[in-house]
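These are the residues of each chain, in order.
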Amino acid sequence: MRGCPDNAYRGAQRGGGSGQQRDRHPVPTGKCRGPFKCIAALSRAAVALLSAGPQDHQRDPEGGVWPRPPHPKGRGFTGGHAHIASLKGAALRRRSRNWKRNAGPAAMLLLRAAAIAAGHRLPLPRRACSRFTPGNPAAGGRRGAATVLAALLGLGAALAYGERRRRVAQAAQAPPSSRYPRYTREEVGRHRSPQDRVWVTHGTDVFDVTDFVELHPGGAEKLLLAAGGALEPFWALYAVHNQPHVLELLREFKVGELSPDEAPPDPSAAQDPFAGDPPRHPGLRISSRKPFNAETPAELLTERFLTPNELFFTRNHLPVPAVDPGSYRLRVEGPEGRVLSLSLSELRSRFPKHEVTATLQCAGNRRSEMSRVRPVKGLAWDIGAIGTARWGGARLRDVLLHAGFGEERDGEWHVCFEGLDADPGGAPYGASIPYGRAVSAGADVLLAYEMNGEELPRDHGFPVRVVVPGVVGARSVKWLGRVAVSAAESPSHWQQNDYKGFSPCVDWDSVDYSSAPAIQELPVQSAITHPRPGAAVPPGELTVKGYAWSGGGRDVVRVDVSLDGGRTWSVASLAGERAAPGRAWAWRLWELRAPVPAGAQLEIVCKAVDRSYNVQPDTVGPIWNLRGVLSNAWHRVPVTVTR
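Residues numbered from 1 in each chain as written. Predicted model: local features only at pLDDT ≥ 70, side-chain atom pairs only at ≥ 80, totals over all residues. Heavy atoms only, no water.

Undergrad: Hey, could you run me through the sheet that holds strand E18 (residues 480-486) in this one?
TA: Two pairing modes exist for strands in a sheet, parallel and antiparallel, and in both the strands are linked by backbone hydrogen bonds. Spatially, E10-E9-E18-E13-E14 is the arrangement adopted by the 5 strands of the open sheet, whose pairing is mixed. Across the chains shown, the open sheet's two edge strands, defined by having one partner strand only, are strand E10 (339-343) and strand E14 (428-434). In this sheet, adjacent strand axes meet at a mean angle of 15° when their direction is disregarded. Note: strand E9 (residues 329-333) against E18, 3 bridges, orientation parallel. Paired with Glu-333 across the two strands is Ala-484, which belongs to E18. (Pairing = 2+ DSSP bridges. Helix = DSSP H or I, 4+ residues; strand = E, 2+ residues; numbered from the N terminus. Axes fitted to C-alpha atoms, helices over the stretch in contact; angles between N-to-C directions.)

Structure below.
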């Protein structure tokens, strides 16, 4: 700090006593040793100055002139400080004449040093008062003593202000202090199991999530993949975690912070795993980008019977894998060591191509309606997580029989599917269906490599996917890499701990996934695609359009439509041909035309009835469940008729 009185004191010491002219008054030299030491040095400098001999002008090392003392009556002292000269100095009368003679210059030095310490320059005059002459005690006297007293009082205020400014500046620049202990990544890495406690890091914070492991909605095994390490690579896969409520929950488990010496995680570890995903149609209604999930716009959903590939709803759980069709191999295996490996060309050439027109629907279709009753966990699908395509490929039945598996097996058996999409721990997406359905000639389960007459798009399973007609879309595994005949269901998280239905009374504190069967066939469903909720329609004839479908191959036999919330009903017209009993894999599009009066407020409602006379429930409340699946209540659309 330039002008530091600590340095000034050293200058005075070099100058010696009053008999020496050189450095008689302190000259700032060297570096400041801090404001607190400046205060102590300031006192020492004052002692040295007050014992020094008289002087006239002393050069300021910054190029100015240190001023002489103010006039006893306050004249010749600028900057609003004239009142200093009027203060009484009775307590200082016993000081020596030499002390009095030099009080003024000492006071001015103290004020200037204090101002510099506070970060300001004091606007003081360069010329001394003309009435002051060295050696004239009358000019110093009691007034000079009073000046010193006032200067010292001002000095305290100036230094306090300067110290406050310094502390504020340091506080703004210094990192906040932490009340948490510091850990190295090696120390965090020792906590990888419930026995040793499960620790993870996020940013520079350390969390003990042991008590949350069993409560993790994605399953304990998924959370344990990150045990002892960073969450970022996994959260890059499951972007749903990057939400304020998730971070707030995580903060409750904070136990420490990473040591400042720890290097940040390798950027490649958190490299965007979705960077290689394919381009998508801009018309899709996106629910999440990473992983990518999007639905067909309702306005386009029933414009044609077959949903265009680029507008077909997309449900991805993990990044889209890049599969080389030339090196692709499908592995089929089972008990007794049976193994069959097929290339894409062998799958095409060895087995007859079979085509099936089938509707696929996500278990969470229309979940957004359940969330209006009570919050649920999952993507906020509207009515567009459903689509119909013409699928082409080999029958799963033909491949299993070729591999040596019979049409019947004693006991309960399953066929498990694994995709080539996998999480960072190497766990693939997986699902399973009953063995009987897999080998049934009437079930039409395909190992599909075509969609609407074209090669499978990447988002829909290229090069090979399973298509299980009449069953929830979650079992139609994409990017198929392995088929296994097993005495148990797939151990996959998505088979064991997801896509199951529960009573409305079950919450996340009481849910037991092992107590409910995995969803297979879906219940009867219908929805209105035109007009849209909140639309204003002209008076006259109104056309209402929608779709209807039921799982298990049960064809839809009727769709009822009401314009007044369910008080009166009309029967809609069904488009297309009726399918063979038990093999109605595709939806039925329907339409109703009805007159509507000007100014009417309509509540359009639809409900479908399938061949088994299953019908949709009238409200969402009784079928609400914590995951928001199986949402098939009457679909309601409010509409205003213009005048």
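Back to the write-up after that little detour.
Undergrad: For this particular structure, what's the right way to read the packing of aromatic side chains?
TA: Remark: the centre distance and the inter-plane angle together describe each pair of aromatic rings, the angle taken between the planes. Tallied over the entire structure, the rule returns 9 aromatic pairs. With 5.2 Å between their ring centres and 90° between their planes, Phe-502 and Tyr-513 make a pair best called edge-to-face. One end of the pair, Phe-502, is in the loop between helix H15 (493-496) and strand E19 (525-530); the other, Tyr-513, is in the loop between H15 and E19, with 11 residues separating them in the sequence. We note that Phe-502, like Tyr-513, is buried. Connected via pairs of aromatic rings, a cluster forms that spans Phe-312, Phe-313, Trp-381 and Trp-391. Here the basic side chain of Arg-374 rests over the ring of Trp-624, its NZ or CZ set 3.6 Å away from the ring centre. A cation sits over an aromatic face here: Lys-607 above Trp-569, 4.7 Å from the ring centre. (Phe/Tyr/Trp six-rings, centres within 6.5 Å; stacked < 30°, edge-to-face > 60°. Buried < 20%, exposed > 50% of the residue type's maximum accessible area, 1.4 Å probe, protein only. Lys NZ or Arg CZ within 6 Å of the ring centre and 35° of its normal.)

Undergrad: Would you take a moment to explain the nonpolar core for this structure?
TA: A general tendency of soluble globular proteins is for nonpolar side chains to be buried together. Counting 53 residues, the largest nonpolar core has Leu-400 and Leu-480 as the members making the most contacts within it. What Leu-480 contacts, discounting residues up to four positions off in sequence, is Tyr-328, Leu-330, Phe-417, Glu-418, Gly-419, Leu-420, Leu-447, Val-464, Arg-465 and Val-466. (Core = buried A, V, L, I, M, F, W, Y, C linked by side-chain atoms within 4.5 Å. Contact = heavy atoms within 4.5 Å.)

Undergrad: Help me understand empty space enclosed by the protein, please; the structure alone is not making it clear to me.
TA: Sizing a probe to match a water molecule and rolling it over the atoms shows the empty space that remains. Counted according to the given criterion, the structure contains 8 cavities of 30 Å³ or more. As a volume, the largest cavity reaches approximately 230 Å³. Forming the boundary of the largest cavity are 20 residues, of which Arg-315, Arg-465, Gly-473, Ser-476 and Lys-478 lie nearest the centre. Among the residues making up the lining of the largest cavity, the classes are represented as 10 nonpolar, 6 polar and 4 charged. (1 Å grid on protein atoms, 1.4 Å probe; cavity = no way out; pocket = protein on both sides within 12 Å on 5 of 7 lines; lining within 4 Å. Points joined across faces, edges and corners; volume = space filled by probe spheres on them. Nonpolar A, V, L, I, M, F, W, Y, C, P; charged D, E, K, R; others polar.)

Undergrad: Looking at this structure, how should I read the environment of Pro-321?
TA: Within the fold, Pro-321 resides in the loop between strand E8 (314-315) and E9. In sequence terms Pro-321 and Trp-479 are 158 residues apart; their C-alpha atoms lie 7.6 Å from each other. Those residues in contact with Pro-321 that sit more than four places away from it in its chain are Leu-420, Asp-421, Arg-458 and Trp-479.

Undergrad: Honestly, the pairing of strand E15 (residues 446-451) in this entry has me stumped. Any pointers?
TA: The two faces of the sheet receive side chains in turn, since in a regular strand these alternate between them. E15 sits mainly inside the fold: 6 of its 6 residues count as buried. Sheet analysis places strand E12 (residues 386-395) next to E15, joined by 5 bridges and oriented antiparallel. Directly across from Ala-394, in E15, lies its bridge partner Leu-447. For E15 and strand E17 (residues 465-467), the ladder comprises 3 bridges, and the chain directions are antiparallel. Residue pairing in the sheet places Leu-446 in a bridge with Val-467 of E17.

Undergrad: Is there a simple way to think about the environment of Ala-594 in this case?
TA: Along the chain, Ala-594 falls in strand E25 (residues 588-596). By relative accessible area, which is 14% here, Ala-594 ends up buried. Remark: the alpha-carbon pair of Ala-594 and Ser-570, spanning 24 residues in sequence, is separated by 9.0 Å. If near-sequence neighbours (up to four positions away) are discounted, Ala-594 is found in contact with Gly-540, Glu-541, Leu-542 and Leu-563.

Undergrad: Any chance you could explain the confidence of the model for the chain here in plain terms?
TA: The predicted structure's coordinates, where accompanied by low pLDDT, should not be read in detail. Mean pLDDT over the chain: 81, with 70% of residues reaching 70 or higher. Per-residue pLDDT stays below 50 along residues 1-43; that stretch engages in 82 contacts with residues further than four places along the chain or on separate chains. Of the regions scoring below 50 in pLDDT, residues 45-103 engages in 118 contacts with residues more than four places distant in sequence or in other chains. (pLDDT = per-residue confidence, 0-100.)

Undergrad: Where do I start with the environment of Ser-368 in this structure?
TA: Here Ser-368 shows up in helix H12 (residues 367-371). Sequence spacing of Ser-368 and Ala-380 is 12 residues, and the spatial spacing of their C-alpha atoms is 4.8 Å.

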